[in-house]
Amino acid sequence: MNSQLSISDIIRKQRKFFQTGATKGLAFRLAQLKNLKQAILQHQTDIVQALLVDLNRAEVETYATEILLILGEIDYAIKNLKKWMQPEKLATNLQQFPASARIYPEPLGIALIIGPWNYPFQLTLSPLIGAIAAGNCVIIKPSELANNSSKVIAEIITKYFAKEYITVVEGGVETSQLLLAEKFDHIFFTGGTVIGKIVMAAAAKHLTPVTLELGGKSPCIVDADIKIECTAQRIVWGKFLNAGQTCVAPDYLLVNKNIKPQLLTAIQKSIKEFYGDNPAKSLDYGRIINQKHFDRLIQFLQDGNICIGGESNKNECYIAPTVIDNITLTSAVMQSEIFGPILPIIEYGDINEAITIINSQPKPLAIYLFSQNKQLQQRILQNTSSGGVCINDTVMQAAASGLPFGGVGDSGIGRYHGKTSFETFSHYKTVLQRSFLFDIKLRYAPYKGKLQWLKRIVGSNT
Ligand code: NAD
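Residues numbered from 1 in each chain as written. Predicted model: local features only at pLDDT ≥ 70, side-chain atom pairs only at ≥ 80, totals over all residues. Heavy atoms only, no water.

1. Here we look at the site of the ligand
Condition: One heavy atom within 4 Å of a molecule or strand is enough for the residue carrying it to be called near that molecule or strand. The term polar contact refers here to a pair of N or O atoms within 3.5 Å; inside protein, the definition further demands a hydrogen-donor-capable atom paired with an acceptor-capable atom, and it admits residues adjacent in sequence only when both atoms are side-chain atoms. Accessible surface area values rest on a Shrake-Rupley calculation with a 1.4 Å probe, where residue burial reflects the displayed protein chains alone. Helix and strand assignments come from DSSP, with helices taken as H or I runs of at least 4 residues and strands as E runs of at least 2, each series counted from the N terminus. Under the scheme applied here, ten amino acids are nonpolar (Ala, Val, Leu, Ile, Met, Phe, Trp, Tyr, Cys and Pro), four are charged (Asp, Glu, Lys and Arg), and all others, including Gly, are polar. Each domain's extent is set by a domain assignment, obtained either automatically or from a database.
Neighbouring residues of the ligand: 26 residues in total, closest Gly115, Lys141, Glu144, Leu214 and Glu337. Contact between the ligand and tryptophan 117: an oxygen atom at 2.8 Å from a side-chain N or O atom of the residue. A distance of 3.2 Å is found between an oxygen atom of the ligand and a backbone nitrogen or oxygen belonging to glycine 191. Protein chains bury 91% of the 840 Å² of accessible surface belonging to the ligand in isolation. When residues of the shell around the ligand are traced back to their parent elements, those giving at least two are helix H7 (173-180), strand E6 (186-190) and helix H8 (193-204). Looking at which element gives the most residues to the shell around the ligand, the answer is H7, with 3 residues. A breakdown of the residues in the shell around the ligand according to their chemical character gives 14 nonpolar, 8 polar and 4 charged. For the shell around the ligand, the two domains that each supply at least three residues are domain 1 (4-214 + 413-427) and domain 2 (219-406).

2. Points about the nonpolar core
Inclusion rule: Nonpolar cores are built from buried Ala, Val, Leu, Ile, Met, Phe, Trp, Tyr and Cys residues. Side-chain atoms within 4.5 Å join them into one set. Per-residue accessibility, obtained with a 1.4 Å probe over protein chains only, is compared with the maximum for each type, and a residue is labelled buried under 20%, exposed over 50%, and partly exposed between these values. We call two residues contacting when some pair of their heavy atoms lies within 4.5 Å.
Leu128 and Leu253 are the most contacted members of the largest nonpolar core, which has 134 residues in total. If sequence neighbours within four positions are ignored, leucine 253 has contacts with Cys220, Val222, Ile235, Leu263, Ile267, Leu343, Pro344, Ile345 and Ile346.

3. Details of the sheet that holds strand E18 (residues 426-434)
The condition that has to hold: The pairing criterion is simple: DSSP has to find at least two bridges between the two strands. Working convention: axes come from line fits to C-alpha atoms, limited for helices to the stretch in contact. Angles between N-to-C directions cover 0 to 180 degrees.
One open sheet accounts for 3 strands, arranged E1-E2-E18; its pairing is antiparallel. With one partner strand each, in any of the chains shown, strand E1 (88-90) and E18 form the two edges of the open sheet. Direction aside, neighbouring strands of the sheet carry axes that sit 30° apart on average. Alignment of E1 against strand E2 (residues 99-107), held across 3 bridges, turns out to be antiparallel. The residue bridging lysine 89 from the neighbouring strand is arginine 102, located in E2.

4. Re the sheet that holds E6
Strand order in the open sheet formed by 6 strands is E5-E4-E3-E6-E7-E17, with mixed pairing between adjacent strands. Edge positions in the sheet fall to strand E5 (166-168) and strand E17 (412-413), since each has one partner strand and no second. On top of the sheet, helix H6 (residues 147-160) reaches strand E4 (137-141) and E5; it is set at about 155° to E5, its chief contact.

5. A few points about the pairing of E2
With 9 bridges joining them, E2 and E18 adopt antiparallel strand pairing. Along E18, the bridge assignment pairs alanine 99 with arginine 434.

6. Focus on a nonpolar patch on the surface
As a reminder, the rule being used: Residues with no salt bridge and a relative accessible area higher than 30% make up the patches, which join like charges within 9 Å and nonpolar side chains (Val, Leu, Ile, Met, Phe, Trp, Tyr) within 5 Å. Criterion for a salt bridge: a side-chain nitrogen of Lys or Arg within 4 Å of a carboxyl oxygen of Asp or Glu.
Together, Leu94, Phe97, Leu437, Phe438 and Ile440 make up a nonpolar patch on the protein surface, roughly 580 Å² of accessible area in all. Position of leucine 437 among the secondary structure elements: in the loop between E18 and helix H15 (451-458).

7. So, the state of the cysteines
Using the following cut-off: Here, a disulfide means two cysteine sulfur atoms that sit within 2.5 Å of each other.
Counted by the stated rule, this structure contains 0 disulfides. This cysteine, cysteine 247, is not joined by any disulfide, and cysteine 390 carries the nearest cysteine sulfur, 13 Å off. Counting only cysteine sulfurs, cysteine 220 is the nearest neighbor of cysteine 390, a cysteine outside any disulfide, at a range of 9.2 Å. The exposure class of cysteine 390 is buried, given its relative accessible area of 9%.

8. A look at the pattern of salt bridges
Considering all chains together, one arrives at 18 salt bridges under this definition. Ionic pairing is found between lysine 260 and glutamate 347, a salt bridge with its closest N-O pair at 2.9 Å. With a gap of 87 residues between them, lysine 260 in helix H10 (residues 260-275) and glutamate 347 in strand E14 (residues 342-348) connect regions that are remote in the sequence. For lysine 260, a relative accessible area of 11% gives the class buried. Of the charged contacts in the structure, one is a salt bridge between glutamate 423 and lysine 419, with a shortest N-O distance of 3.6 Å. Of this pair, glutamate 423 and lysine 419 both sit in helix H14 (residues 419-424), 4 residues apart, roughly one helical turn.

Listed below in C-alpha cells is the structure:
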C-alpha cells in the first residue's frame, strides 16, 4: 500500500467517524481534552528528551515554552468550552418579525495541522486543542526537521487517540504535498511565508479555508526613555531563547542613537549573565536545527561590525549569541527573516525614521517597543501594522491563552489561542427561526401597489 492510498484511507475513515456525530457532544470533547492533558503529563520526560536531541533545548525552556503552554491552553479550553459551545442570540429586525435568530458554532469536519520544527509540540498540539474543542477530526503533520519530536508526537497521539479521530502522518515535503492534494475542511499551517503561499494555493483547489501562522522580520524599537538593564534582559531572553529560532523573536533592533552605547553594554552584560563567558559550554543555550540553516545564518555574519559574539562551530551547529552593528536596510541580514541568534542593530535619530523603516517592510508578526513615553507608544500603535504588539517586553504576547495570536499580511492569516482557537475550527451557522403567527404579504406577487409601502419603510418619498 503506498502512502497516497494510506492518506486517502485515513481521511475516508475520519470522514466516516465524523459523520457518526461522535465528536460533537460536550462530554466527548471534554473527555478528549482531558485525555490529551493526561498524555502530555505522562510523556513530559519524552518531550524534554526529544527537544534536547533536536535543538539542545534546556529543560526549563521546554517546560516554559511547550509543556506549560499546552497544559494552560487545555485547562482554559476545559474551563470555557461549555460557554463557547452555546448558541448566541442575535437581534432581528422589523421585516423579520415575529422571529428569533441564533448563531450556532459547529465543527468544520476534518482538519489538517502542518507544524514547524522550532516549537514542535506547542505548535502542533495547541491548534489541536482548538480542533478538539470545536469537535473536529484531525490529521497532524509535524515537521520532519525536528525528527525526534515528530516521533514522540506520533507515539503520543497513536497511544491516546483512535486513528479515525486523530492521526499523525509523519514525513517531509512529499508527505505534505500528498496531504495537501486531499480535500480537508480546514488547514492550519505554521511555517515560513514562502511555504504558506504553496499551502494556500493547494487549499484553494478545494476551497479549503486556511489559517496561516507565518513568520517575518519583527522589529524591536528601543527608545531612550527606558529602564536599561531590564530592557536588555528582556531583549536578550526573547532573541536568544531557543537560539533565536522563535517566530516572534525580535528580528532586529531599531535603537535611538542616544541610548545605543549603554544598550550595547547592557546587552553584553545580560548575555554573559545568562550564558556565561562561553555560551558554547552553557547547558542553557540551544543549537541551530541543522547544518543547512547553520550555513544560511553564517552568511549574515559578513555584514556590518560584529560587536558581541560571532563565534561558531559547524559540527555542533553552534552560533554564539551575536550582535551586529552598522547594518543598513540593504545588508543581507535585512533581506529575510533571520530565525537564529543574530541581532542586527540599526540606529535612528527621530522616531519617524524607525516608523518609515517598519512601514517599508512587509507587515511583521510582532512589533516590540521599549519606551515609557505614552505618546510614543500611541504613535507606534497608530502608525504601524503588525500581528501583535508588545510594549516593554518581548515574546510574552504569544504566551497567554486569553490573548489571540496571529499575523497580518505576509505574517499570516487568522488567529488562535484560547477562544480564538475554538472559533478557528468552528463554522458559525446563522439560524433564523420564523413563526406562523402572522404573515405580512407585502413581499409576495402581485406587486401592484406595494412599492409605495416599501418606499415608506426605507423613508423615501419619491
Ligand atoms: P517551513 O515553512 O519550512 O515548514 C513548515 C512545514 O511545512 C513542515 O512541516 C514542512 O514539512 C512543510 N513543508 C515544507 N516545504 C513544503 C512544501 N514545498 N510543500 C508543502 N509543505 C512543505 O517552516 P519551518 O522551517 O519549519 O519553520 C520556520 C518558519 O516558521 C519561520 O519563518 C517562522 O517564523 C515560522 N513560524 C511561525 C510561527 C507562528 O506562530 N506564526 C511559529 C513558528 C514558526
